[in-house]
Amino acid sequence: VTVGGVVVTNATLHNEDEIIRRDVRVGDTVEIQRAGDVIPQILGWTGDPALHRRRPPFQFPDHCPECGSLATREADEAIRRCTGGLVCPAQRFERLRHFVSRRAMDIDGLGPEGLQLFLDLGWVDTPADLYRLSAHADALRQRKGWEDKSVANLLAAINASRAPALGRFLYALGIRHIGEVTARDIARTYPQWPDIETLLAGLVACEPQAAPGESSARFESRRNLELARLVSVAGVGPEVAASLRDFWAEPHNRALVHALLAEVTPVTTPGTTLASPLSGKTMVFTGTLAGMSRDEAKARAERLGARVTGSVSAKTDIVVAGADAGSKLSRAQALGVQIWSETQWQEAIERAV
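Residues numbered from 1 in each chain as written. Predicted model: local features only at pLDDT ≥ 70, side-chain atom pairs only at ≥ 80, totals over all residues. Heavy atoms only, no water.

Some words on the overall build of the protein
Here is the rule we go by: Helix and strand assignments follow DSSP, with helices taken as H or I runs no shorter than four residues and strands as E runs no shorter than two, numbered in order from the N terminus. Partly exposed describes any residue whose relative accessible area lies between the buried limit of under 20% and the exposed limit of over 50%, with all areas from a 1.4 Å probe on protein chains only and scaled to the type maximum. Any two residues whose heavy atoms approach within 4.5 Å at even a single point are treated as in contact. The method behind every accessible area is Shrake-Rupley, applied with a 1.4 Å probe, and residues are considered shielded solely by the protein chains displayed.
Each helix and strand counted, the protein has 15 helices and 10 strands in total. Taking all 353 residues of the protein together, the buried fraction comes to 38%. If you take every contact in the protein between residues at least 6 apart in sequence, the share linking residues at least 24 apart comes to 56%. Surface exposure of the protein reaches about 19700 Å², of which carbon and sulfur atoms provide 51%.

Listed below in structure tokens is the structure:
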């Protein structure tokens with residue numbers, strides 16, 4: 001249809017709430033406008049209710065159409081999510097791509113095309129299968145584009161990732177709300193746990209059932225205590241704690257972690273940090289730094305005991321602003337957060353050495 005001199009062919013109903021609010025149903029004739037003279041927007045349905053036999057309201061699925069897992073919608077969100085994780089074919093590829101990415105397990109040379117090939121061949125189904133690809137090395141060498149050197153490089157990169165830092169391992173699992181910074185915070189806070197399984201089980205306070213002879217009341221009390229302990233970690237709130245708890249509650253996720261731990265050994269010892277005035281400070285880097293990359297700056301700050309996050313908030317202590325700093329700098333100024341130039345950042349490094 002032509003609206004304001006422009007031919008409009010598609011208009012999006014953002015989410016379930018909008019569909020319900022505007023009472024739009026399949027088969028309806030709708031009225032549209034260009035919001036702000038730009039974006040096609042559906043205002044609602046048109047017609048006389050007495051003359052039109054309308055279809056029932058659309059029923060959103062409560063289970064994933066791909067894997068049958070429960071599809072849930074959190075109270076403060078507009079979308080429904082499949083809870084199947086790696087069990088779900090629709091999520092498997094992207095979760096594997098996240099697992100091998102540079103900031104996660106950092107398996108160099110394993111890109112989207114290779115992952116898709118291994119999925120299509122049935123060689124890889126879960127992250128643990130990546131560590132068993134050597135069994136298919138001869139078959140892989142027979143495929144176009146996979147010479148002896150490329151296969152050897154891939155297997156070497158996979159083997160090089162068998163002892164990841166605990167923070168990387170937690171991040172690679174793709175648990176909702178567990179980003180890089182939060183994963184590192186958790187890893188640094190729990191160096192006393194003897195192994196990753198004990199850490200996860202204790203961390204999420206969600207063992208499948210009470211211990212033999214343990215009353216339900218004591219079991220619930222112990223879970224609540226562990227959950228409170230987790231929430232006390234810097235950067236971990238109730239939402240993050242609930243995500244960890246829900247992840248470990250799923251049998252297929254526990255099986256995934258157990259299978260992975262048969263192939264990799266996360267390093268739980270925290271990295272050495274230097275005593276410095278930055279210890280305990282929360283920092284944000286924005287803009288382009290001339291003297292080092294953003295990743296190097298983050299690593300240096302963490303070695304000096306700082307916590308580096310990606311967004312500015314009232315809890316941020318220092319923002320280091322490089323060239324062409326944008327919205328983060330503006331927000332820091334609005335909140336009254338201390339702002340350093342790159343020169344001040346370099347001076348802080350030199351003082352700590």
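Notes on the packing of aromatic side chains
Note the threshold: Two aromatic rings from Phe, Tyr or Trp, using only the six-membered ring of Trp, form a pair when their centres are within 6.5 Å; if the ring planes differ by under 30 degrees the pair is stacked, by over 60 it is edge-to-face, and anything between is tilted.
Scanning the model with the defined rule gives four aromatic pairs in all. Ring centres of Phe58 and Phe60 lie 5.0 Å apart, and the angle between their planes is 90°; on these two criteria the pair is classed as edge-to-face. Residue Phe58 is classed as partly exposed on the basis of its relative accessible area, which comes to 47%. Through a chain of ring-to-ring contacts, the aromatic side chains of Phe118, Trp123 and Trp146 assemble into a single cluster.

Overview of empty space enclosed by the protein
Here is the rule we go by: Cavity: a set of points on a 1 Å grid over the protein atoms alone where a 1.4 Å probe fits but cannot get out. Pocket: an open set with protein on both sides within 12 Å along at least five of seven lines, its lining residues, like those of a cavity, having an atom within 4 Å of a point. Grid points are joined across faces, edges and corners, and a volume is the space filled by probe spheres set on the points. Any residue that is not Ala, Val, Leu, Ile, Met, Phe, Trp, Tyr, Cys, Pro, Asp, Glu, Lys or Arg is counted as polar, Gly included; the first ten are nonpolar and the last four charged.
The final tally for this structure, using the stated rule, is one cavity of 30 Å³ or more. Lining the largest cavity are Leu86, Arg95, Phe99, Pro127, Ala172, Leu173 and Leu256. Across the lining of the largest cavity, the residue classes tally to six nonpolar, no polar and one charged.

A few points about the nonpolar core
Definition in use: To form a nonpolar core, buried Ala, Val, Leu, Ile, Met, Phe, Trp, Tyr and Cys residues must be joined to one another through side-chain atoms within 4.5 Å.
In this structure, Ile107, Phe118, Leu130 and Tyr131 are the most contacted members of the largest nonpolar core, which totals 47 residues. Not counting chain neighbours up to four residues away, the residues in contact with Leu130 comprise Leu96, Phe99, Val100, Ile107, Leu110, Leu115, Val124 and Ile158. In terms of nonpolar packing, the next biggest core, distinct from the first, is built from 16 residues, Leu289, Ala297, Leu304 and Val320 among them.

What to know about the confidence of the model for the protein
Note the following rule: For every residue, the predictor assigns a confidence score, pLDDT, that lies between 0 and 100.
When pLDDT is averaged along the protein, the result is 83; 86% of the residues meet or exceed 70. Throughout residues 203–208 the model reports pLDDT below 50, and contacts reaching past four residues in sequence, or to other chains, amount to 22 contacts.

As for unusual backbone geometry
Although it is not a glycine, Asp106 sits at a positive phi angle of roughly 55°. Considering the arrangement of structural elements, one finds Asp106 in the loop between α2 (89–100) and α3 (112–121). Exposure remark for Asp106: the relative accessible area of 37% places this residue in the partly exposed category. With a phi close to 60°, Asp324 is a non-glycine residue in the positive phi region.

Considering the sheet that holds strand β8 (residues 307–308)
The pairing of strands in a sheet comes from backbone hydrogen bonds and takes either a parallel or an antiparallel form. Worth spelling out the cut-off: Here, a strand pair is defined by DSSP locating no fewer than two bridges between the strands. For helices, the axis comes from a line fit to the C-alpha atoms of the stretch in contact; other axes are also lines fit to C-alpha atoms, and the angle between any two N-to-C directions lies between 0 and 180 degrees.
Pairing is parallel in the open sheet, where four strands are placed in the order β8-β7-β9-β10. The sheet is open, and its two borders are formed by β8 and β10 (338–340), each paired with just one other strand. The strands that helix α14 (residues 327–335) touches are β7 (282–286), β9 (318–321) and β10; relative to β7, the one it contacts most, it runs at about 140°.

Structural notes on the environment of Arg102
With respect to the secondary-structure elements, Arg102 resides in the loop between α2 and α3. Once the C-alpha coordinates of Arg102 and Ala172 are considered, the two residues, 70 residues apart in sequence, prove to be 9.8 Å apart.

Things to note about the packing of helix α11 (residues 238–249) against helix α12 (residues 251–261)
Put simply, the test is: Any angle that is under 35 degrees is reported as roughly parallel, and any over 145 degrees as roughly antiparallel; angles of 65 to 115 degrees are reported as roughly perpendicular and all others as oblique.
Interaxial distance between α11 and α12 falls to 5 Å at its minimum, and their mutual angle equals 85°. Considering their axes alone, α11 and α12 lie roughly perpendicular with respect to each other. Here α11 contributes Phe247, Trp248 and Ala249 to the contact with α12, which in turn contributes Pro251, Asn253, Arg254, Val257 and His258.

Let's talk about the pairing of β7
Worth spelling out the cut-off: A clockwise course of the path from the first strand over the helix to the second, judged with the strands pointing away from the viewer, identifies a crossover as right-handed.
Across the five residues of β7, five count as buried, placing the element largely inside the fold. The two faces of β7 match: Thr282, Val284 and Thr286 on one face and Met283 and Phe285 on the other face are all buried. Sheet topology places β7 next to β8; two bridges connect them, and they run parallel. Within β8, the position partnered with Met283 by the bridge is Val308. A crossover links β7 with its parallel partner β8, the connecting element being helix α13 (residues 294–303), and its sense is right-handed. Relative to β9, β7 is paired through four bridges, and the arrangement is parallel. Directly across from Val284, in β9, lies its bridge partner Val319.

Topic: the packing of α2 against α3
Let me state the cut-off plainly: Take the far helix as your reference; a near helix turned counterclockwise from it by less than a right angle gives a left-handed crossing, and one turned clockwise gives a right-handed crossing.
The contact between α2 and α3 brings their axes to 10 Å, and the two run at 130°. For the element pair α2 / α3, the angle class is oblique. Judged by the twist between their axes, the crossing of α2 over α3 is right-handed. On α3, the residues touching Arg92, Phe93, Leu96, Arg97 and Val100 of α2 are Pro112, Leu115, Gln116 and Leu119. When its residues are assigned to classes, the contact of α2 with α3 shows six nonpolar, one polar and two charged.

With respect to the pattern of salt bridges
Short version of the rule: In what follows, salt bridge is the name for a side-chain nitrogen of Lys or Arg lying within 4 Å of a carboxyl oxygen of Asp or Glu.
Within the structure shown, the criterion is met by 22 salt bridges. Across the pair Asp23 and Arg25 runs a salt bridge whose closest N-O atoms are separated by 3.2 Å. Linked through salt bridges whose partners overlap, the residues forming this network are Glu16, Asp17, Arg73 and Arg80.

What about the state of the cysteines?
Test applied: The disulfide definition used here is simple: a pair of cysteine sulfur atoms within 2.5 Å.
Taken as a whole and assessed by the stated rule, the structure comprises zero disulfides. A disulfide-free cysteine, Cys82 has its sulfur positioned 3.6 Å from the sulfur of Cys67, the nearest such atom. Not engaged in a disulfide, the cysteine Cys88 finds its nearest cysteine sulfur in Cys64; these two sulfurs lie 3.8 Å apart.

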